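Secondary and tertiary structure notes
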Amino acid sequence: MFGELQTSRRDRAKGRPGGPGARGCAGRPAGPERFEKVRLSVLGAPVDGLTLEQFVDQIALRVCGGKRCFVVTLNPELLYRAQRDRDLLDMINRADLVTADGVGVVWACRVSGRPVPGRVTGIDLMTALLDHAARRGWRVFFLGSAPGVAEAAAEKASRMFPGLRVVGVHHGYFSDRDDHEVAGRVVNASPQLLFVALGSPRQERWIDRHLHLLDGVAAMGVGGSLDVLSGNVRRAPEWFCRRNLEWLGRLLYQPGRWRRMLVLPRFALLVLTRYRLGLGKSRAGDF
Ligand code: UDP
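Throughout what follows, the structure given in this document is the object of discussion. Computed from a prediction, not measured in an experiment: that's the story for all the values here.

Considerations on the pairing of strand β1 (residues 39-42)
Two faces make up the sheet, and in a regular strand the side chains alternate between them. Inspection of the sheet shows β1 paired to strand β2 (residues 45-48) by 4 bridges, in the antiparallel sense. The residue of β2 that forms the bridge with valine 42 is alanine 45. Once β1 ends, the chain turns through 2 residues before running back antiparallel as β2, passing leucine 43 with a positive phi of about 50°.

As for the nonpolar core
Across soluble globular proteins, nonpolar side chains show a tendency to be buried alongside one another. One finds Val71, Leu74, Ile92, Val140, Phe142, Phe195 and Val196 to be the most contacted residues of the largest nonpolar core, which totals 76 residues. Among the elements that take part in this core, helix α2 (residues 52-64) stands out by supplying 6 residues, more than any other. Domain assignment of the residues forming this core places at least three in each of domain 1 (37-230) and domain 2 (238-276). With near-sequence residues (within four places) excluded, leucine 74 lies in contact with Ala45, Val47, Leu79, Ile92, Val98, Thr99, Ala100, Asp101 and Val105.

Concerning the pairing of strand β5 (residues 139-144)
With 6 of 6 residues buried, β5 is to be regarded as a mostly interior element. Since β5 and strand β6 (residues 165-170) lie parallel, the crossover through helix α7 (residues 149-160) that links them has a hand, and here it is right-handed. Two elements, β5 and strand β7 (residues 193-197), share 5 bridges in a ladder whose sense is parallel. Opposite valine 140, over in β7, you have leucine 193 as the bridge partner.

So, unusual backbone geometry
The residue after serine 200, namely proline 201, is reached through a cis peptide bond having omega 10°. Positionally, proline 201 belongs in the loop between β7 and α9 (202-210). The phi dihedral of serine 145 is positive, around 70°, even though this residue is not glycine. With respect to the element layout, serine 145 can be found in the loop between β5 and α7. Of note in the backbone geometry, serine 190 takes a positive phi value of approximately 45° without being a glycine.

Considering the site of the ligand
The immediate surroundings of the ligand are formed by 13 residues, with Ser145, Gly172, Gly199, Gly223 and Gly224 found nearest. Here the shell around the ligand is composed, by residue class, of 5 nonpolar, 7 polar and 1 charged.

Points about the packing of α2 against helix α6 (residues 122-136)
Taken N-terminus to C-terminus, the directions of α2 and α6 make an angle of 55°; their axes are 10 Å apart at the nearest point. As summarised for this structure, α2 and α6 are arranged oblique, according to the angle between their axes. With respect to the hand of their crossing, α2 and α6 are arranged in right-handed fashion. Residues Leu52, Phe55, Val56, Ile59 and Ala60 of α2 form the contact with α6, whose own contacting residues are Asp124, Leu125, Ala128, Leu129 and His132. Residues belonging to the contact of α2 with α6 are distributed by class as follows: 8 nonpolar, 1 polar and 1 charged.

Topic: the sheet that holds strand β8 (residues 217-221)
Pairing between the strands of a sheet comes from backbone hydrogen bonds, and it takes one of two forms, parallel or antiparallel. Spatial ordering of the open sheet is given by β4-β3-β8-β7-β5-β6, a layout of 6 strands whose pairing is parallel. For this open sheet the edge positions go to β4 (97-100) and β6, each flanked by a neighbour on one side alone. Sheet twist, expressed as the mean angle between neighbouring strand axes with direction ignored, is 15°. By the bridge criterion, 4 bridges tie β7 to β8 in an arrangement that is parallel. Bridged to phenylalanine 195 within β8 is methionine 220. α6 contacts β3 (68-74), β4, β5, β7 and β8 of the sheet and is inclined by roughly 150° relative to β7. Lying on the sheet, helix α8 (residues 176-189) is in contact with β5, β6 and β7; it crosses β6 at an angle near 175°.

Describing α7
Side chains of residues three or four places apart in an α-helix project in the same direction, reflecting 3.6 residues per turn. Taking 1.5 Å of rise per residue, the 12 residues of α7 would be expected to cover 16 Å, and the 16 Å separating its terminal C-alpha atoms lies within 8% of that figure. Within α7, burial applies to Val149, Ala150, Glu151, Ala153, Ala154, Ala157 and Ser158.

Overview of the packing of helix α5 (residues 103-111) against helix α14 (residues 263-276)
One way to put it is that α5 packs onto α14 with a least axis distance of 10 Å and a crossing angle of 10°. On the basis of their axis angle, the class for α5 and α14 is roughly parallel. Between α5 and α14 lies a crossing of right-handed hand. In this structure, α5 uses Gly104, Ala108 and Val111 to contact α14, whose residues at the interface are Leu264, Phe267, Val271, Leu272, Tyr275 and Arg276.

Remarks on the environment of serine 112
Here serine 112 lies in the loop between α5 and α6. When the C-alpha atoms of serine 112 and leucine 40 are compared, they prove to be 9.9 Å apart, with 72 residues separating the residues in sequence.

Considerations on the environment of glycine 231
With respect to the secondary-structure elements, glycine 231 resides in the loop between α10 (225-230) and α11 (238-242). With 12 C-beta atoms packed within 10 Å, glycine 231 lands in the exposed category. When the C-alpha positions of glycine 231 and alanine 152 are compared, they lie 8.1 Å apart, and in sequence the two are 79 residues distant.

Reading the values: the criteria
- Residues numbered from 1 in each chain as written.
- Predicted model: local features only at pLDDT ≥ 70, side-chain atom pairs only at ≥ 80, totals over all residues.
- Pairing = 2+ DSSP bridges.
- Helix = DSSP H or I, 4+ residues; strand = E, 2+ residues; numbered from the N terminus.
- Core = buried A, V, L, I, M, F, W, Y, C linked by C-beta atoms within 7 Å.
- Buried ≥ 20, exposed ≤ 12 C-beta atoms within 10 Å, placed from the backbone.
- Domains from an automatic or database assignment.
- Contact = placed C-beta atoms within 7 Å.
- Right-handed = clockwise from strand over helix to strand, strands pointing away.
- Near = placed C-beta within 6 Å.
- Nonpolar A, V, L, I, M, F, W, Y, C, P; charged D, E, K, R; others polar.
- Axes fitted to C-alpha atoms, helices over the stretch in contact; angles between N-to-C directions.
- Parallel < 35°, antiparallel > 145°, perpendicular 65-115°, else oblique.
- Left-handed = near helix turned anticlockwise from the far one by under 90°.
- Expected span 1.5 Å × (residues − 1).

Rendered as structure tokens:
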């Protein structure tokens with residue numbers, strides 16, 4: 001079932017430095033980026049105005065070019081929190097790609113006068129990347145969620161995308177003392193895609209701290225996406241997603257999240273006062 005988890009060190013090394021072919025990138029331009037990146041700024045944080053397909057393309061170009069790629073999926077909760085946490089805002093600004101995850105961020109961009117093409121959720125981007133990885137033979141690592149969930153997600157993904165090379169999984173309930181060992185496992189597996197589900201912003205901080213240990217890899221925080229992929233948690237029904245009400249649909253399945261939703265009206269108020277009334281500056285910084 002997890003044949004790829006037993007991939008030998010030699011096999012992994014074969015795909016590591018080599019040319020683009022060795023990275024599962026044959027036929028792909030590893031040189032200049034094909035898209036001009038449209039980087040916007042909202043409440044001091046970057047947002048890339050790209051479609052889902054363009055994000056996949058950008059990520060593929062970086063992985064194939066042997067570069068590291070830190071992807072942040074920005075939602076209102078994270079953006080609001082970053083207003084009061086300068087380190088967090090700086091970290092988001094260090095990301096190579098930032099998607100507008102959450103209808104609140106898409107709306108905030110529009111109110112600020114710099115609209116993005118649309119919402120690109122973590123789970124949609126992860127699914128598109130898994131599809132790409134299976135076709136290219138890329139190595140994938142799932143890190144995070146409760147014990148057993150990453151395995152179940154890997155199993156499900158391997159069924160959805162035949163040929164997917166899952167080179168490692170690890171749950172997300174490890175202590176700071178074990179952090180070094182977990183990072184070592186990821187480094188030894190040498191993934192080209194690393195999905196980290198430790199809750200936000202812990203997952204982004206983990207990536208920010210450890211990404212320099214890896215090459216030719218795209219890493220992104222995926223929150224509860226492994227729970228959904230594994231089948232443990234249902235995604236909000238299509239009806240809610242289509243009407244930009246995914247947050248409400250999630251609340252129906254996970255009522256315990258209500259407290260987290262309290263940030264949404266505060267976030268909306270902040271956006272309106274900043275961009276409609278031109279008032280206020282972030283406590284974290286100047287923008
Ligand atoms: N999680 C983890 N370790 C922790 C805390 C959380 O692995 O110490 C996992 C948790 O099991 C869940 C994910 O992180 O799978 C966070 O999901 P959540 O729904 O909070 O994220 P969201 O999608 O809202 O960003």
